[in-house]
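What follows is the residue order along each chain.
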Amino acid sequence: MTLEEKVGQLCCFGWQERTALDDQARFCVQELHAGGMIVMGRNLHDTSQKPVPDIDAVAVRAMLDELQSLARIPLLIATDQEGGRVARFGTAPFTRMPAVAALTTPKEAYDAAYQTGMELRCVGVNTNFAPVADINSNPANPVIGDRSFGATVTEVGPFVEAQVRGYAASGVLACLKHFPGHGDTATDSHLALPVLPHTLETMQTRELLPFQAGITAGAPVVMTAHILFPALDTEVPATMSHAILTGLLRQTLGFAGLIVTDCLEMKAVAERWGTALAALAAIKAGADMVLVCHTLERQQETYETLLAAARSGELPTARLDEAVAHVRAAKANLSSLPFDPALLGGKRREQSVTTLGADVPR
């Protein structure tokens with residue numbers, strides 16, 4: 001790979017067009033050499049319509065096949081399909097899974113992940129930013145709620161492990177989020193920077209255990225949280241913290257897979273550090289791929305900032321190559337699946353909420 005391609009592999013971008021590619025998507029893949037692209041609700045249907053219309057699965061598969069055809073290096077094509085209120089593929093013909101808090105056994109969690117993974121893979125998505133490994137321990141939390149499997153470690157850990165195994169069986173990469181734990185916060189990181197006030201010892205007996213369970217089960221991807229954890233870093237959020245990403249996640253928990261950031265256009269980082277500089281700080285801290293979901297200007301600025309840092313040595317060659325190696329290792333586990341409409345909607349489930357396909361929360 002050229003240096004430009006190496007830098008591009010660290011980037012996961014989004015685009016705007018519905019059931020088709022646009023100039024933004026083509027530019028991100030062909031000119032910025034993006035290593036990944038994320039499918040949002042806006043790419044699937046008009047989410048402002050009520051009720052939200054069905055998805056044209058044939059058109060989506062054609063769109064994502066075309067997207068892959070533009071890339072010299074195969075793309076990670078990701079989405080958020082947790083179930084419940086965070087389901088980009090949230091209408092027919094896709095199975096409408098309930099919020100994960102409604103799942104009653106690890107077997108149900110496994111089955112839900114397997115069915116979800118098979119449906120995503122059927123239309124060309126190979127990475128799902130799920131399961132949520134956060135513990136819903138704070139009733140005032142505005143963003144987690146029923147996206148979590150429960151309010152205690154014993155409720156969450158076995159379900160996270162089961163979903164990691166279910167996604168693996170389906171051939172889709174699972175992603176544990178939001179590290180090191182977003183459940184016991186009272187601020188939405190889309191809007192401001194949450195603070196997790198616990199000691200490391202408390203975290204080791206609570207928030208970190210579901211992540212450890214998922215890592216032990218073989219989770220290939222972990223997503224960072226834009227939260228401040230002063231016990232380890234008083235200056236920057238987990239997404240940008242060497243102590244948290246390299247020290248805690250890599251060295252203490254033993255995670256050897258792909259670390260991807262939550263979207264860097266969220267206000268918790270974008271308004272204080274700026275998307276591009278936050279991306280550079282994240283990669284230097286130990287992240288392998290940065291997520292910029294919305295704005296072409298910020299996507300291009302992020303790529304150019306990383307490229308300039310790689311050329312100048314501010315981003316060390318060893319760190320760049322390590323991150324690229326993690327991206328390539330994740331991609332090595334991908335396999336294609338022919339489109340088969342019989343795989344869609346295999347188990348109809350009652351939807352527990354009415355908002356489907358929305359592009360937040362992540």
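Residues numbered from 1 in each chain as written. Predicted model: local features only at pLDDT ≥ 70, side-chain atom pairs only at ≥ 80, totals over all residues. Heavy atoms only, no water.

**A word on the overall build of the protein chain**
Applied cut-off: Only DSSP runs of H or I with at least four residues qualify as helices, and only runs of E with at least two residues qualify as strands; both kinds are numbered from the N terminus onward. The buried label goes to any residue with under 20% of its type's maximum accessible area, the exposed label to any with over 50%, and the partly exposed label to all in between, with areas taken from a 1.4 Å probe on protein chains only. In this analysis, two residues are considered to be in contact whenever any of their non-hydrogen atoms come within 4.5 Å of each other. A positive count includes Lys and Arg, and a negative count includes Asp and Glu. His and the chain ends are not counted in either. For charged residues, the charge sits on one atom: NZ in Lys, CZ in Arg, CG in Asp, CD in Glu.
Helix and strand counts for the protein chain come out as twelve helices and ten strands. Taken along the three principal axes of its C-alpha coordinates, the protein chain extends 50 × 45 × 35 Å. In the protein chain, which comprises 362 residues, the proportion classed as buried is 59%. Sequence-distant contacts, at least 24 apart, represent 80% of the contacts inside the protein chain between residues at least 6 apart. Of the side chains in the protein chain, 29 bear a positive and 39 a negative charge, and the two mean positions are spaced by 3 Å.

**Notes on the environment of serine 170**
Along the chain, the position of serine 170 falls in helix H5 (residues 153–170). With sequence-adjacent residues up to four places away left out, serine 170 is seen in contact with Ala113, Tyr114, Gly117, Met118 and Arg121.

**Side note on the pattern of salt bridges**
The following threshold applies: Salt bridges are defined by distance alone: a side-chain nitrogen of Lys or Arg within 4 Å of a carboxyl oxygen of Asp or Glu.
Scanning the model with the defined rule gives 17 salt bridges in all. Note that arginine 147 and glutamate 82 form a salt bridge whose closest N and O atoms lie 2.8 Å from each other. With a gap of 65 residues between them, arginine 147 in the loop between strand S6 (127–128) and H5 and glutamate 82 in strand S4 (residues 81–83) connect regions that are remote in the sequence. For glutamate 82, a relative accessible area of 7% translates into the label buried. The partner of arginine 319 in a salt bridge is glutamate 322, with the nearest N and O atoms 2.9 Å apart. Remark: glutamate 322 and arginine 319 occur in helix H12 (residues 317–331); sequence separation between them is three residues, near one turn of the helix. Three or more residues joined by partner-sharing salt bridges are found here, namely Asp80, Glu82, Arg88, Arg147 and Lys177.

**Here we look at the sheet that holds strand S1 (residues 11–13)**
Sheet strands pair via backbone hydrogen bonds, and the direction of the pair is either parallel or antiparallel. Which entries qualify depends on this criterion: The rule for pairing is simple: two strands pair if DSSP sees at least two bridges between them.
Strand order in the closed barrel formed by eight strands is S1-S2-S3-S6-S7-S8-S9-S10, with parallel pairing between adjacent strands. Alignment of S1 against strand S10 (residues 289–292), held across three bridges, turns out to be parallel. Paired with cysteine 11 across the two strands is valine 290, which belongs to S10.

**Looking at helix H7 (residues 208–216)**
The cut-off we apply is this: In this description, the arc belongs to the directions extending from the helix axis to the C-beta atoms.
Along H7, the positions that sit buried rather than exposed are Leu208, Pro210, Phe211, Gly214 and Ile215. When H7 is viewed along its axis, its buried side chains cluster within an angular range of 160 degrees and face the same direction. On its buried face, H7 is in contact with H5, strand S7 (173–179), helix H6 (200–205) and helix H8 (242–252). Glycine 218 sits one or two residues past H7 and shows a positive phi near 105 degrees.

**Focus on the environment of isoleucine 77**
Within the secondary structure, isoleucine 77 sits in strand S3 (residues 76–79). As for isoleucine 77 and leucine 67, which are separated by ten residues in sequence, their C-alpha atoms are 9.1 Å apart. Not counting residues up to four positions away in its chain, the partners in contact with isoleucine 77 are Met37, Val39, Leu64, Leu67, Gln68, Gly124, Val125, Asn126 and Thr127.

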